[in-house]
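Remarks on the overall topology
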Amino acid sequence: MVVVIYHREAHHLAAQVRAAHPDLEILACVTAPEAAARLGEAEVLLAAGGLQLPEGSPPHLRWVQTLAAGVDRLVDTLPPGVVLTRGHSLHNAAMAEHCLGRILAHTLNLRQALANQAGRRWQHYPVERLAGKTLGIAGMGVIGGAIARRARAFELRVLGWRRSGRRARYVEQVFGPEGLYDFLVACDFVVILLPLTPETRGRFGTREFEAMKPGAVLMNLGRGPVVREDELVAGLRSGRPAHALLDVFEEEPLPLSSPLWELPNVTITPHCAGGTTTAAALELFLANLDRFRAGRPLVGRVDRTRGY
Ligand code: NDP
């Protein structure tokens, strides 16, 4: 069996995989063109996030393990018979720290602190308390679970919204699809952690922003096109939502011409909320490789018809 590894540390990963599975042929590729050139031989592909597969189906490919948590870029390009697994839980800590860090920076008004410091001004400014506020997680999956657990330590009340409506630990109430507006009106912060699928594309627009509590903050850490950006700009201009903390955008990099850059109630980061270690990625891949070879269910298998 031929395994292609596409990763900036592909040679290190290949050595570890070879040690565990000496009978496999492991091909290490550091660049995308190298990986594309070897894909024709691959039965298994381990790929860092962001790999665009070339048109046409690699003839022997049976399983792709991506290290990204979201698979929107891959799900349409892979032939339906290929098993796809995602970076399940790999990004939980980075995403949870990013989410709570940004909420705290917002309530502690650090933007004002930095502006004051730049102007050498010793001046008090308003701050808010987090304790007792309600955090809503739209897309209450594994990353949402990692956020909820940490949010409880800040005495936040946590609500969730998900397709199945299934209950979740540390979450007071989880709403199903039909409960979206009851969910939105109850939250001081709404963090979007939805995968990009045909159902979620454009799911958040004017109607959803107007359903949010006055003064509520929207954070999008999932995928940009889940939010209709032109409607978000219009909403922000009229204060619904009051502020947006954004990591993902309809078009990335965010074009220079985007009005989002100029709005005073927007905070932008360049799609950097996630992150994992090579060791964690290797652990997931080796566990799944054992399972794949034994014909057992894989961790993080994507349902190709649902798209996540
Ligand atoms: P999960 O699959 O564990 O969670 C996704 C959640 O979305 C599930 O709870 C699912 O519901 C819910 N969902 C899916 N479709 C719908 C729908 N139509 N309506 C309501 N809820 C829906 O994924 P993760 O938590 O691991 O990751 C979430 C997303 O975060 C990724 O898909 C990716 O796009 C994004 N991400 C962004 C990063 C960044 O750097 N900004 C880094 C990592 C991830 P149910 O459980 O009921 O099926």
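Refer to the structure presented above.
We now turn to the structure provided with this report. Model, not experiment: these values are computed from the prediction.

Things to note about the overall build of the chain
The secondary structure content of the chain amounts to ten helices and twelve strands. In terms of overall dimensions, the chain is globule-like: its C-alpha atoms have a radius of gyration of 21 Å, near the 19 Å expected for 308 residues. Projecting the C-alpha coordinates of the chain onto the three principal axes gives extents of approximately 65 × 45 × 35 Å. Residues classed as buried in the chain amount to 49% of the 308 residues present. Relative to all contacts within the chain whose residues are 6 or more apart in sequence, the contacts with residues 24 or more apart total 55%. Carbon and sulfur atoms provide 53% of the accessible area of the chain, an area that totals close to 15000 Å². Averaging the locations of the 35 positively and 30 negatively charged side chains of the chain gives two centres separated by 6 Å.

Description of the site of the ligand
The environment of the ligand is made up of 29 residues, and the closest members are R86, R162, S164, E199 and Y308. Interatomic distance of 3.0 Å between a backbone N/O atom of G274 and an oxygen atom of the ligand. Notes on the ligand: free accessible area 950 Å², of which the protein chains cover 93%. Tallied by class, the residues present in the shell around the ligand amount to 13 nonpolar, eight polar and eight charged.

Regarding the packing of aromatic side chains
As enumerated under the stated definition, the model contains four aromatic pairs in all. Centroid distance W161 to F204: 6.3 Å. Interplanar angle 85 degrees. Geometry classified as edge-to-face. Placement of the pair is W161 in strand β7 (residues 157–161) and F204 in the loop between β9 (189–192) and α8 (206–211), with a sequence separation of 43 residues. Using a relative accessible area of 7% as the deciding quantity, one classes W161 as buried. Taking the relative accessible area as the measure of exposure, F204 reaches 0% and is therefore buried. Its end group placed over the ring of Y308, R306 keeps NZ or CZ at 4.0 Å from the ring centre.

A word on the pairing of strand β11 (residues 243–246)
Across the two faces of β11 the burial is the same, with H243 and L245 and A244 and L246 all buried. Following the backbone out of strand β10 (residues 217–220), through helix α9 (residues 229–237) and into the adjacent parallel β11, one traces a crossover that is right-handed. Note: β11 against strand β12 (residues 266–268), three bridges, orientation parallel. Residue A244 lies in a different strand from β12, and its bridge partner there is V266.

Observations concerning the sheet that holds strand β2 (residues 25–29)
The strand order across the open sheet built from five strands is β2-β1-β3-β4-β5, with neighbouring strands paired in parallel fashion. Two strands close off the open sheet at either side, each with one partner strand: β2 and β5 (83–85). In this sheet, neighbouring strand axes are inclined to one another by 15 degrees on average, regardless of whether the strands run parallel or antiparallel. Along the sheet, helix α1 (residues 10–20) contacts β1 (2–6), β2 and β3 (44–47); its crossing angle with β2, the most-contacted strand, is approximately 170 degrees. Packing against the sheet, helix α10 (residues 278–294) makes contact with β1, β3, β4 (63–66) and β5, and its axis sits at approximately 160 degrees to β4.

Rules used in this analysis
- Residues numbered from 1 in each chain as written.
- Predicted model: local features only at pLDDT ≥ 70, side-chain atom pairs only at ≥ 80, totals over all residues.
- Heavy atoms only, no water.
- Helix = DSSP H or I, 4+ residues; strand = E, 2+ residues; numbered from the N terminus.
- Rg over C-alpha atoms; globule rule 2.2 N^0.38 Å.
- Buried < 20%, exposed > 50% of the residue type's maximum accessible area, 1.4 Å probe, protein only.
- Contact = heavy atoms within 4.5 Å.
- Areas by Shrake-Rupley, 256 points an atom, 1.4 Å probe, with all protein chains shown as cover.
- Lys, Arg positive; Asp, Glu negative; His and termini not counted.
- Charge placed at Lys NZ, Arg CZ, Asp CG, Glu CD.
- Near = heavy atom within 4 Å.
- Polar contact = N/O pair within 3.5 Å; in protein donor to acceptor, adjacent residues only side chain to side chain.
- Nonpolar A, V, L, I, M, F, W, Y, C, P; charged D, E, K, R; others polar.
- Phe/Tyr/Trp six-rings, centres within 6.5 Å; stacked < 30°, edge-to-face > 60°.
- Lys NZ or Arg CZ within 6 Å of the ring centre and 35° of its normal.
- Right-handed = clockwise from strand over helix to strand, strands pointing away.
- Pairing = 2+ DSSP bridges.
- Axes fitted to C-alpha atoms, helices over the stretch in contact; angles between N-to-C directions.

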